[in-house]
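Survey of secondary and tertiary structure
For reference, the chains in residue letters:
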Amino acid sequence: MERMLMKGNEALAEAAIRAGCKCFFGYPITPQTEISAYMAKRMPKVGGVFLQAESEVAAINMVYGCASSGIRCMTSSSSPGISLKGEGVSYIAGSDLPAVIVNVMRGGPGLGGIQPSQSDYWQATRAMGHGDFQIIVYAPSSVQEMADYMGKAFNMADRFRMPALILADGLLGQMMEPVVFEDKEIKMSDASDKPWAASGHGNRRPHNIINSLYLQADELETYNVERFKRYEKVKEELPELESYLCEDAEIVVAAYGSVARLAKAAVEQARAEGIKAGLARPITLYPYPERELRAACKTAKKVLVTEMSMGQMVDDVRLALECRLPVEFFGRTGGVVPKPSEILAKVKVMKGAE
Amino acid sequence: MFDFGRAIVITGHYGSGKTNIAVNLALDCAGLGESVCVVDMDIVNPYFRTADFRRLFERYNIRLAAPQFANTNLDIPSLCIDMEALLNNYDRVILDVGGDDSGALALGQYAALLNIRGYDMLYVVNKYRYLTHNPDEAVGLLRDIEQASGLMASGIINCSNLGEDTTAEDVESSRDFAEQCARTAGIPVVFTAAKRGLKVEESYPVDVYVRPFWEEN
């Protein structure tokens, strides 16, 4: 298996094709445009479809239609574009369809800026659109993980019939690292294993109707309750967290995505200076790895959450720890990337204040 | 050092290592006592670009000309560069042209001038880049860049690397690829670049200035 040098955005696109994604519907926006550009070059060569829609709203509704037919499909965007897709994601979730969405986050709110950020955490995990629903959220933290979790996102979306989101950020999208892909033949998906798909009944079965509209309140309630039963299974089986040097850690730093790389450098420096620090890195943001985080914080006296935002994941850390430990926050926002030395300085202050 | 013209145009697939080559060439030329200007011509990539090295260039008295809004939050690729003045005022002008053929389109506005004043356009190849890992694909992109810019490449720089993890063997085993690219394109390999310290015979030693973001300088 040959190692190649790839940008995070390219790795996402190539991994999607290798996962059998047959249709990509997109619209350019910095810093995720390489995904579209890569798909435009590669999709025609492997028998897939690349379509640049007239807007983000159009792109997500094309995903809605394509997913209804049982074909693996995806869209990608960056923060403001993801907001535009919100309505469509809600319809897809309300119709119990699998699809993959990529958000390469940039600074917000509003038009914000093109520099990296993690300020769409609440949107991804709490309110990707209106209504009672959740989506699976993966937060890779290296270019190799961008490749690995794309396939997983498609598989889990299919298995649980719900949208899955890859939540990356500008740094991960733009940085380059070596990547290895499994050597296997690319096989485009079809609807053969999806009995619910609107893929042509051939006079052999009744029509499959894909819909998120219910005329009776109790009927809609039944579907919503059923869907949340499925989420219980998702919460049971999917949570993932990487813990690093947490076995005896007194201060656990919790961070995800690219910031986890910065936090790791800070934790290593803290250890070198004799502070027992560890890193807890959630890989799934929904379902949140609550048990895994509690296990990682077993010996911790304090927890520091660090993010490229004003503090969003910090809510989930507090909920998971059930307020048993003091949880502090350090973040930079607006496209500013925190320095490992800044995180380290905060760890030292927390250690000193014991 | 090398027998290049006053204007050196560095092109290549993004991620081939263009920016790091441009920075190394600039520092080496400045080291020889030349007055040097680096032009960040990248109108496509939002970050990881030559304009990141403003402070390094200042230390060596190298002039940086960059798009007006490079490294800001504005996604507006406005290039206000008086190329003729730069060619008149500096011994060496190094143009770092990012963004594949779409990026090279911006170079076209200077094609007439560069054709009169003379230039060397060098095409940077990296065997380990996925979309250009066979010579036909690599030369195909070169042709697209030439067409978009209206300029012709005169040489190939072999900058095959896997980022941080690059070994001497990775570089050695890329020479065939570079030679095949050169034969297909009908131009010579001007040098193979290798990170200083790697034991690679007959290579142009480069320092790695493009660093991972979690390393502080």
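Structure shown above.
Heads up: these notes are all about the structure in this document. On a predicted model such as this, the values are computed, not experimentally measured, just so you know.

Cut-offs used in this document
- Residues numbered from 1 in each chain as written.
- Chains lettered and ligands numbered in written order.
- Predicted model: local features only at pLDDT ≥ 70, side-chain atom pairs only at ≥ 80, totals over all residues.
- Heavy atoms only, no water.
- Core = buried A, V, L, I, M, F, W, Y, C linked by side-chain atoms within 4.5 Å.
- Buried < 20%, exposed > 50% of the residue type's maximum accessible area, 1.4 Å probe, protein only.
- Domains from an automatic or database assignment.
- Helix = DSSP H or I, 4+ residues; strand = E, 2+ residues; numbered from the N terminus.
- Contact = heavy atoms within 4.5 Å.
- Buried area = accessible area lost by both parts, 1.4 Å probe.
- Salt bridge = Lys/Arg side-chain N within 4 Å of Asp/Glu carboxyl O.
- Polar contact = N/O pair within 3.5 Å; in protein donor to acceptor, adjacent residues only side chain to side chain.
- Nonpolar A, V, L, I, M, F, W, Y, C, P; charged D, E, K, R; others polar.
- Phe/Tyr/Trp six-rings, centres within 6.5 Å; stacked < 30°, edge-to-face > 60°.

1. Regarding the nonpolar core
- Judged by nonpolar contacts, the single largest core of 122 residues is most densely connected at M74, M150, I166, L285, L293, M313 and V317 of chain A.
- Lining this core are residues from two domains, each supplying at least three of them: domain 1 (2-186 + 193-200 + 224-237) and domain 2 (242-352) of chain A.
- Membership of the second largest hydrophobic core comes to 40 residues, among which are A65, A111, M121 and I156 of chain B.

2. A look at unusual backbone geometry
Residues and elements named next belong to chain A.
- Here the residue pair G108 and P109 is connected by a cis peptide bond, since its omega of 0° sits within 30 degrees of zero.
- On the secondary structure map, P109 appears in the loop between β5 (99-105) and α5 (121-125).
- With an omega dihedral of -5°, the bond running from Y286 to P287 counts as a cis peptide bond.
- As for its position among the elements, P287 is in the loop between β12 (284-286) and α10 (290-296).
- Even without glycine at this site, C323 takes up a positive phi of about 60°.
- Structurally, C323 is set in the loop between α11 (313-321) and β14 (327-331).
- Of the residues examined, C323 reaches a relative accessible area of 68% and is grouped as exposed.

3. Quick notes on the interface of chain A and chain B
- Listed per partner, the contact involves 35 residues of chain A and 27 residues of chain B.
- Summed over both partners, the interface of chain A with chain B comes to about 2,800 Å²; 59% of that surface belongs to carbon and sulfur atoms.
- When the area that chain A buries against chain B is broken down by residue, the three leading residues are M4, L5 and I114 of chain A, summing to 21%.
- Put simply, chain A and chain B have three salt bridges between them.
- The shortest N-O distance in the salt bridge between D165 of chain B and R3 of chain A comes to 3.2 Å.
- One can count seven residue pairs in polar contact (both at pLDDT 80 or more) joining chain A with chain B.
- Mapped by element, the contributors of at least two residues to the side of chain A that touches chain B are β1 (3-7), α1 (8-18), α2 (33-42), α7 (170-174), β8 (176-180), α9 (257-272) and α12 (340-352) of chain A.
- When grouped by side-chain class, the residues that make up the side of chain A that touches chain B number 14 nonpolar, nine polar and twelve charged.

4. Concerning the packing of aromatic side chains
All names here are of chain A.
- Under the defined criterion, the tally for this structure stands at nine aromatic pairs over all chains.
- Between Y121 and Y256 the ring centres are 5.6 Å apart and the planes differ by 50°, which places this aromatic pair in the tilted class. Note that Y121 is positioned in helix α5 and Y256 in the loop between β10 (251-254) and α9, a separation of 135 residues in sequence.
- The exposure class assigned to Y256 is buried, which follows from its relative accessible area of 1%.
- Ring plane angle 65° and centroid distance 4.7 Å describe the contact between F228 and Y231, whose orientation is recorded as edge-to-face.

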